[in-house]
Structures are given as structure tokens and as C-alpha cells.
Amino acid sequence: MTQRFPLEVIRDRTYKQRDAWWTVGLVDPLASRLVWLVSPWRAVTPNRLTILAFVVGLGSAYAFWRADYPWLLVGALLFHLSFVLDCMDGKIARLNGTGSAFGSWLDYVFDRLRVAACAVGLFGGQYAATDNRTYLWVGGVVVFLDMFRYLNALQMGKVRADVNQGAVVMTDEDAPSGPVVVAEATGNESAVWRLRNFLVRHRIRPHLFSGIEFMMFVFIIGPVAKQIIPVAILSSVLMVAFELLLIVRLYSYLKSKAAKPAEPRVPVPA
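Here, residues in each chain are numbered from 1, in the same order as that chain's written sequence. The predicted origin of the model limits local features to residues at a pLDDT of at least 70 and limits the giving and counting of side-chain atom pairs to 80 or more, whereas totals for whole chains, interfaces and linings rest on all residues. To get the side-chain values, take all heavy atoms of the structure and skip hydrogens and water.

Asker: Go over the overall build of the chain with me, naming the residues and quoting the values.
Answerer: Runs of H or I in DSSP of at least four residues are treated as helices and runs of E of at least two as strands, each being numbered from the N terminus. For the chain, the helix and strand inventory stands at 9 helices and 0 strands. Ordered by position in the sequence, the α and β elements of the chain form the string α-α-α-α-α-α-α-α-α. Across the 270 residues that make up the chain, the buried fraction comes to 41%. Contacts are assigned to residue pairs with any non-hydrogen atoms lying within 4.5 Å of each other. Put simply, of all contacts in the chain between residues at least 6 apart along the chain, 79% involve residues at least 24 apart. Per-residue and other accessible areas follow the Shrake-Rupley method at a 1.4 Å probe size, with only the shown protein chains counted as cover for residues. Summed over its atoms, the accessible surface of the chain is roughly 15000 Å², and 67% of this surface lies on carbon and sulfur atoms. Type-normalised accessible area, obtained with a 1.4 Å probe on protein chains alone, sets the label of each residue: buried when under 20%, exposed when over 50%, and partly exposed for intermediate values.

The following block contains the structure:
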């Protein structure tokens, strides 16, 4: 066993400066305490937690496939647990300095496979129980949007890095951990500025409906509320809207960069 860090230290080292409101309110409080419990054990590694999260996710998919409401509740609970475990792997990596490039790849691939499996379980199970083809169409849209969301995030990060000549550009998806810095109020701020500062102060990123909220609404809120199709459709519309907003922001950012005159290169003495 290694040193057990105090809970405050775990929060300082592993909480992102900006994160999804679902993670801030419903995942971090539990995940940080579980990290406090298991972090001293060398056998608990980020990659093993990633695999465990995937296995629990498969259990969620099986529960969804059973289709009856009690099983839907079990599936929703297991899906949330799998997401908590998935958050723990990153926290353990940041806390103990045990992250790796392979671990990032494993986490990304298993996340996408887990969503695909749960979509098959949830929407396929409902189709098998009701013979309503709408579940198949909506399930296909859910899988497509999940893939698009994360591929789009990766590509936007690459474009920003290329424009900044290879410099690392942090986004809300990969915000660093550490204390939150909030701008001082002067009394003349707009309502939008005050709202944004409020969100920053509580570590909530302004991108209020990201891939995380999308998954949680589809696989938790929908089954629990017994409104699988309406919630999935509403979630899809909201995520598309926020993705379009990100694309517009990226376009404006690139346009502003292109409008700036290129900095003259200073010749290097021979």
C-alpha cells in the first residue's frame, strides 16, 4: 500500500477546473471518496478501472435488454456506476501520476463501446418487447451522435493546435485540475458575464449539454422516467444545438486568427 491522501488533496489534484454539471454535482462527490478509499492499493490502476467500468457498462446493457421497468432501473443505476468508475480512472492517474497514452486510448475506445452496447440493450430491448421500429431509429441516432460528438471534439482540438503552431490548447473537455480562478467583479458586468462567472466558480463549464449530459439523459433519465424515446430525442436536439454552437465558436476563432497579421520571423544568427 502507498500513502492515503486526504480528501482535500484528492479534490485539489483531481477535480477539473471546468467540468460537466452532471459530473460536478452527481459524480465527483462519490468518485473522490472512492478514490480516497482505493488509491493506496497498487492493484487499483487506471487501466483496470477502465476495464471494470466497461464490464459494469455491459451489465447495464444486459439489464436494459430485459426491457421491464425494474430492469430499466437496474440498467440506469449500473450505467451511472460505470461512469463513476470511468471518472475514477482519470482521477487515480492524476493523483498518482500513473497516466499513459495507452490508457487514454483504452478509455476512449471502451467509452464508445460501452455507449454502443447500452444503446443496443436499451433500444434493441424495447424494440424486441414492443415491435416499435422507432426505437431502432432513435437508437441509431444516439450511437451516431455519440461518435460524432467525440470525433468532433478531437478534430477541433487538432485544428486549434495546428493554428497555434502545435501549442497545446486546453478545451472544456480536457481542462486541467487545480484551483479555480474567478475574475474579480467590478459591478458593471452583464447578466451573461455574471452567469458565466457563477458557473466557473462552481467548476461548471458553460457548454451545458455535452456528451456527458447526453449519455446520462439517454441512459438514466429516459429509462427512469419511462420516457425513453422523448428524452432521447430531446437530448439529441440539445446536443446538436450545443455542437453547432461550438462549431460557430471555432469558426469565429479561426476567422479572428486569420485576420491578425502574421508575426515577422526573427532571423536566427548563423
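Asker: Tell me about the packing of helix 6 (residues 134-163) against helix 9 (residues 228-259), and please be specific about residues and values.
Answerer: Interhelical geometry of helix 6 versus helix 9 gives an angle of 20° and a closest axis separation of 10 Å. Looking at the two axes, helix 6 sits roughly parallel to helix 9. When the axes of helix 6 and helix 9 are compared, the crossing they make is left-handed. Think of it as three bins: nonpolar holds Ala, Val, Leu, Ile, Met, Phe, Trp, Tyr, Cys and Pro, charged holds Asp, Glu, Lys and Arg, and polar takes everything else, Gly as well. Partitioned by chemical class, the residues of the contact of helix 6 with helix 9 number 20 nonpolar, 3 polar and 6 charged. Geometry is summarised by axes, namely lines fitted to C-alpha atoms with helices restricted to the contacting stretch, and by angles between N-to-C directions that run from 0 to 180 degrees. The cut-offs work like this: below 35 degrees is roughly parallel, past 145 is roughly antiparallel, 65 to 115 is roughly perpendicular, and the gaps in between are oblique. In this scheme, a crossing is called left-handed if the near helix is turned counterclockwise away from the far one by less than a right angle; it is called right-handed if the turn is clockwise.

Asker: Explain the UniProt feature "transmembrane region" (unreviewed entry) in the chain to me, using residue names and the numbers behind them.
Answerer: UniProt positions are given in the numbering used here, feature names are shortened, and annotations may be inferred rather than shown by experiment. With numbering aligned to this structure, UniProt lists the feature "transmembrane region" (unreviewed entry) at residues 20-37, 71-88, 204-222 and 228-251. In this annotation, residues 20-37 is assigned 94% helix and 0% strand; the end-to-end C-alpha distance for the span is 24 Å. Span residues 204-222 is 63% helix and 0% strand, its end C-alpha atoms 23 Å apart.

Asker: Tell me about the nonpolar core, and please be specific about residues and values.
Answerer: To form a nonpolar core, buried Ala, Val, Leu, Ile, Met, Phe, Trp, Tyr and Cys residues must be joined to one another through side-chain atoms within 4.5 Å. By size, the foremost hydrophobic cluster in this structure holds 46 residues, and its most contacted members are Phe123 and Phe219. Secondary-structure elements contributing two or more residues to this core are helix 2 (21-38), helix 3 (46-66), helix 4 (69-96), helix 5 (101-130), helix 6, helix 8 (211-225) and helix 9. The element that contributes the greatest number of residues to this core is helix 4, accounting for 10 residues. Sequence-distant contacts of phenylalanine 219, that is, excluding residues within four places in its chain, are made with Phe64, Ala76, Phe79, Val115, Cys118, Ala119, Leu122 and Val142.

Asker: Requested: an account of the packing of aromatic side chains, with residues and values cited.
Answerer: Pairing of aromatic rings covers Phe, Tyr and Trp, the last counted by its six-membered ring, and requires centre-to-centre distances within 6.5 Å; plane angles under 30 degrees mean stacked, over 60 mean edge-to-face, and any other angle means tilted. Following the criterion strictly, the structure yields 10 aromatic pairs and no others. An angle of 85° between the planes, with centres 6.3 Å apart, marks the rings of tryptophan 21 and phenylalanine 217 as edge-to-face. Here tryptophan 21 is found in helix 2, whereas its partner phenylalanine 217 is found in helix 8, with 196 residues between them in sequence. Through successive ring pairs, a cluster of aromatic residues spans Trp21, Trp22, Phe209 and Phe217.

Asker: Tell me what's going on with a nonpolar patch on the surface, and back it up with residues and numbers.
Answerer: Here a patch means residues that are over 30% exposed by relative accessible area and free of salt bridges, tied together within 9 Å if like-charged and within 5 Å if nonpolar (Val, Leu, Ile, Met, Phe, Trp, Tyr). We define a salt bridge as a contact between a side-chain nitrogen of Lys or Arg and a carboxyl oxygen of Asp or Glu at a distance within 4 Å. On the surface, Phe144, Phe148, Val240, Leu244 and Ile247 cluster together to form a nonpolar patch covering roughly 440 Å² of accessible area. Going through the elements one at a time, helix 6 and helix 9 are the ones with two or more residues in the nonpolar patch. Per-element accounting of the nonpolar patch gives the leading share, 3 residues, to helix 9. With respect to the helices and strands, phenylalanine 144 occurs in helix 6.

Asker: Outline the confidence of the model for the chain, listing residues and values.
Answerer: The pLDDT value expresses, per residue, how confident the predictor is, ranging between 0 and 100. When pLDDT is averaged across the chain, the result is 87; 86% of the residues are at 70 or more. At the level of individual helices and strands, the chain shows its lowest average pLDDT in helix 7 (residues 191-201), which scores 82, and its highest in helix 3, which scores 97. Counting interchain partners and residues more than four positions distant, the pLDDT-below-50 stretch residues 168-172 has 10 contacts.

Asker: Requested: an account of the pattern of salt bridges, with residues and values cited.
Answerer: In the structure shown here, the tally under the stated rule is 8 salt bridges. Taking the shortest distance from any N to any O, the salt bridge between arginine 112 and aspartate 146 comes out at 2.8 Å. Of this pair, arginine 112 sits in helix 5 while aspartate 146 sits in helix 6; the two residues are 34 residues apart in sequence, bridging distant segments of the chain. Judged by its relative accessible area of 8%, arginine 112 is buried. Given the relative accessible area of 2%, aspartate 146 is considered buried. Salt bridges linked by common partners bring Asp28, Lys91 and Arg203 together as one network.

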